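Working through the structure, step by step
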Amino acid sequence: MMRRGWPASCAVALIMAVLAAPSAAGAPQGPALVSGKPPSRPVPSEAPDGADDPVDAQGASGVAVAVSAAALPPIDGPAPPFAPAVINRDERGRATIRAVRLERPMRVDGRLDEEFYGIVPPITDFIQQIPNEGAPSTEPTEVWVFYDDENLYIAVRCSDSHPERIVANERRRDNGAIFAGGDNFTIVLDTFYDRRNGFFFQTNPVGAIRDQAVVSGQQLESWNTVWDVKADRFANGWAAEIVIPFKSVRYRRSGPQIWGINLRRIIKWKNEFATLTPVSASFGTGAMYQLGLAATLVGLETPAQSMNLEMKPYGLSSVTTDRTAPAPSRNDVTSTAGFDFKYGLTRSLIADVTVNTDFAQVEEDLQQVNLTRFSLFFPEKRDFFLEGQGIFGFGSRRLDNDAGAQDVPILFFSRRIGLSNGQSVPIIAGARLTGKAGPFDVGLLNIQTADDLSAGATATNFSAMRIKRDVLRRSSIGIIATERLASAGGGDSNLALGADASLRVSDDVTVHGYYARTSTAERDGDGASYRGRFDYAADRYGVALEHLMVGDLFNPALGFVRRDGFRRSTATARFSPRLRQSRYIRKLTGQGTVDYVTADHAATVENRSVDGSFGIEFHNGDQAALRYGREYELLPSGFAVAPGVTVPAGGYVSHDLGASYSRAQQRKLSGQLSVSGGTFYEGTKYTATYSGRLGLVPRFSVEPAVSLNWVTLPYADFRAQVFSARLSITPTTRLAVSSLLQFIGTAHTLSSSLRLRWEYIPGSELFVVYSDGRDTSRARPELVNRALAVKVTRLVRF
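This section reports on the structure supplied with the text. (Residues numbered from 1 in each chain as written. Predicted model: local features only at pLDDT ≥ 70, side-chain atom pairs only at ≥ 80, totals over all residues. Heavy atoms only, no water.)

1. Observations regarding the pattern of salt bridges
Stated formally: In what follows, salt bridge is the name for a side-chain nitrogen of Lys or Arg lying within 4 Å of a carboxyl oxygen of Asp or Glu. In this text, helices come from DSSP runs of H or I with a minimum length of four residues, and strands from runs of E with a minimum of two, each type numbered from the N-terminal end. Think of it in three bands: residues with accessible area under 20% of the maximum for their type are buried, residues over 50% are exposed, and the middle band is partly exposed, with areas taken using a 1.4 Å probe on protein chains only.
Tallied over the full model, the rule gives 46 salt bridges. Between Asp352 and Arg432 there is a salt bridge, with its nearest N and O atoms 3.5 Å apart. Here Asp352, found in strand S18 (residues 349-357), pairs with Arg432, found in strand S21 (residues 427-437); they are 80 residues apart in sequence, far enough to count as distant. Judged by relative accessible area, Asp352 falls into the buried class, the value being 5%.

Following this line, the structure appears as structure tokens:
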């Protein structure tokens with residue numbers, strides 16, 4: 001049994017004291033601290049011609065002359081280019097590019113008509129990743145990187161031999177259709193030059209904004225920061241100018257910098273991906289997250305350390321009606337206020353405090369059909385918990401609905417905080433520390449919630465600690481601790497500890513593993529879980545082997561466990577040739593998977609399945625697939641598959657055959673249609689689903705979704721239906737109105753919402769949100785609950 005009574009926050013304090021000790025003593029940081037002497041590599045310098053040019057003489061000279069070599073990490077790539085050159089490549093195609101300093105701020109309008117575009121040569125010669133890996137891009141792309149005392153500027157000119165075929169059908173912020181649905185340009189900045197983590201910025205020909213964080217090669221889609229972009233069309237293509245304030249990203253320290261940088265252009269009418277440096281086609285759409293293959297950015301100098309303080313107060317007023325509460329309410333008016341506070345202890349270590357936190361602006365979850373005995377996963381959407389979320393990732397399990405790893409536990413799942421029985425629980429205050437301290441990624445969190453009788457929640461304290469260390473070139477090891485302490489009684493107190501490793505053996509080979517234990521008050525024994533996984537993921541072939549164990553007492557109270565008390569062994573093999581000579585088909589994929597699941601403490605087989613699939617990827621982006629699966633499942637006890645319908649315990653064999661077709665998102669009407677049918681618990685189940693998008697113009701789209709299930713069992717027949725439709729109107733990239741309508745047939749519920757989001761200045765927002773829920777079991781849908789909320793936030797930076 002693990003020792004109790006020592007919160008994760010106490011362990012955190014000790015670890016942070018150790019990490020902070022060298023700097024507290026005044027010792028130098030960076031590579032020189034390890035070697036005891038500065039690196040011996042030379043720092044090139046050359047003054048540019050023409051001191052009267054609008055390009056600062058010192059900043060345009062590559063790495064600044066006054067830079068101490070000891071302060072910078074060694075360059076992993078070609079030597080820096082000498083002015084006036086802005087790029088230098090080696091024989092492997094790797095690149096080092098140079099940022100150029102501007103004397104005055106850039107006028108960001110997307111036109112690229114300033115004088116310095118004629119003085120500074122562009123970065124060119126992009127290389128295809130897809131379809132012809134390693135070949136020159138078929139369309140010219142020109143990029144410039146500039147900076148001044150406050151901002152980084154990146155400009156791109158995308159020429160096209162057929163500009164009438166340029167696709168731009170999305171303006172909503174952070175919408176994946178920016179990438180999947182049209183032409184776009186993407187930047188990833190590896191500001192710590194650790195070849196693992198970065199900040200992702202993406203835009204398209206209408207100036208849409210999409211940003212993400214990259215953590216250990218995985219994307220964190222909901223990360224947001226303050227930046228801006230303006231795009232414009234010209235006769236032979238499109239162009240964009242991007243401005244990223246230095247305050248919006250984290251980096252090691254002020255002064256001269258060496259960063260990693262990934263650049264990619266997608267030409268959608270050709271379905272061509274072109275990058276600055278060579279990238280294997282095997283990485284597919286995730287190539288931008290492979291920062292070990294990124295170029296190197298030199299010549300950049302960030303401003304001196306400022307106060308690095310942000311405050312974001314909010315005010316909220318709402319009117320609610322709830323007829324299901326123990327004390328039904330009607331048009332109750334409430335008002336509240338709170339704030340988020342962010343302070344940079346260093347440029348790379350950020351402290352956050354939230355007081356009286358509220359999430360009234362968060363969009364409701366999309367409903368799902370569940371015909372299994374396991375819980376569904378719904379991703380986090382609340383802003384405070386999203387920033388820095390990737391640091392708390394454990395065991396190489398993505399923090400989204402990772403279809404390939406649904407049974408892998410998540411040790412820290414922030415939706416366990418501030419939510420109970422589907423209702424919000426008041427958060428009194430919380431604090432978080434995230435960032436980098438030398439080679440360590442650090443994440444610390446402590447949240448206090450209040451009592452809420454209507455949600456059945458008592459006041460509770462939540463703590464989490466995550467420390468991860470970079471090892472080798474692109475590998476890491478780490479530990480995690482989470483604790484839940486109930487203020488009353490302590491019967492719900494829970495502690496979880498774990499250690500994990502992720503080893504990147506080569507570009508195609510990775511090995512992951514973890515071991516974790518939990519301890520819960522008033523439960524005998526400790527719960528354990530471990531996982532080992534081997535992945536070989538080349539473009540033409542792929543193999544994956546995995547063993548996962550989750551004990552029946554494994555219960556991380558701050559995590560998500562879909563299933564416990566089992567051992568699972570999985571093997572997958574894939575063959576995916578590219579057809580170089582076909583006019584229509586780009587790639588074929590055949591894959592087979594064998595899954596074998598037994599009970600944790602017995603040899604009893606709980607699941608045994610064999611799945612095979614065959615897929616076709618077309619040059620235009622469409623995809624077609626066929627799938628067949630055979631599974632044996634042992635139900636240790638009966639479960640309710642639908643209201644009033646219970647599947648009895650016993651062993652069942654099922655067969656399932658399915659087909660799907662996906663129409664690429666650059667089309668005005670896109671989406672995926674899938675059908676399947678087979679045996680289901682000694683009966684039959686037939687399923688048809690469609691989710692798509694109708695985008696007539698970039699400012700307007702409709703996204704319908706339908707899931708229909710017809711189930712026939714020996715003892716009951718039923719249908720499970722979910723219908724939804726989302727309407728989006730986006731007058732500008734900073735103003736959006738969306739409406740979501742959802743109907744669940746088996747639950748007889750109809751919900752609707754209307755949400756206005758206006759970012760009236762970067763980082764400051766106005767939300768107006770209306771939602772209601774109705775009971776459709778009667779002839780006329782009856783109102784169950786209703787709410788109208790108005791929330792205003794204001795970002796203040798010091």
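2. Overview of the packing of aromatic side chains
Which entries qualify depends on this criterion: Any two of the Phe, Tyr and Trp rings considered here, Trp counted by its six-membered ring, make a pair once their centres fall within 6.5 Å; the pair's planes then place it as stacked at under 30 degrees, edge-to-face at over 60, or tilted in between. Geometrically, a lysine NZ or arginine CZ counts as sitting over a ring once it is within 6 Å of the ring centre and also within 35 degrees of the ring normal.
Taken as a whole and assessed by the stated rule, the structure comprises 21 aromatic pairs. The interplanar angle of 75° and the centroid separation of 6.3 Å between the aromatic rings of Phe201 and Trp223 together place this pair among those described as edge-to-face. A residue pair is termed long-range when its members are at least 10 positions apart, and Phe201 in strand S8 (residues 198-203) and Trp223 in the loop between strand S10 (218-220) and strand S11 (228-234) qualify at 22 residues. Neither Phe201 nor Trp223 differs from the other in exposure class; each is buried. Measuring from centroid to centroid gives 6.4 Å for Phe618 and Tyr661, while their planes differ by 45°, and the two rings are tilted. Placement of the pair is Phe618 in strand S31 (residues 605-618) and Tyr661 in strand S35 (residues 650-663), with a sequence separation of 43 residues. Members of the aromatic cluster, joined through ring pairs, are Phe116, Tyr117, Trp144 and Phe146. Lying over the aromatic face of Phe192, Lys436 brings its terminal NZ or CZ to 5.8 Å of the ring centre.

3. Details of the side chain of Asp148
Applied cut-off: The charge count includes Lys and Arg as positive and Asp and Glu as negative, but it does not include His or the ends of the chains. We call two N or O atoms a polar contact when they sit within 3.5 Å, provided that within protein one can donate a hydrogen and the other can accept it, with sequence-adjacent residues counted only if both atoms are side-chain atoms. Should any heavy atoms of two residues lie within 4.5 Å, those residues are considered in contact.
Locating Asp148 in the fold gives a position in the loop between strand S5 (141-147) and strand S6 (151-159). No salt bridge is formed by the buried Asp148. Its closest oppositely charged neighbour is Arg101, at 6.8 Å. A polar contact is formed between the side chain of Asp148 and the side chain of Tyr153, at a distance of 2.6 Å. What Asp148 contacts, discounting residues up to four positions off in sequence, is Arg101, Leu102, Arg104, Pro105, Tyr153 and Phe246.

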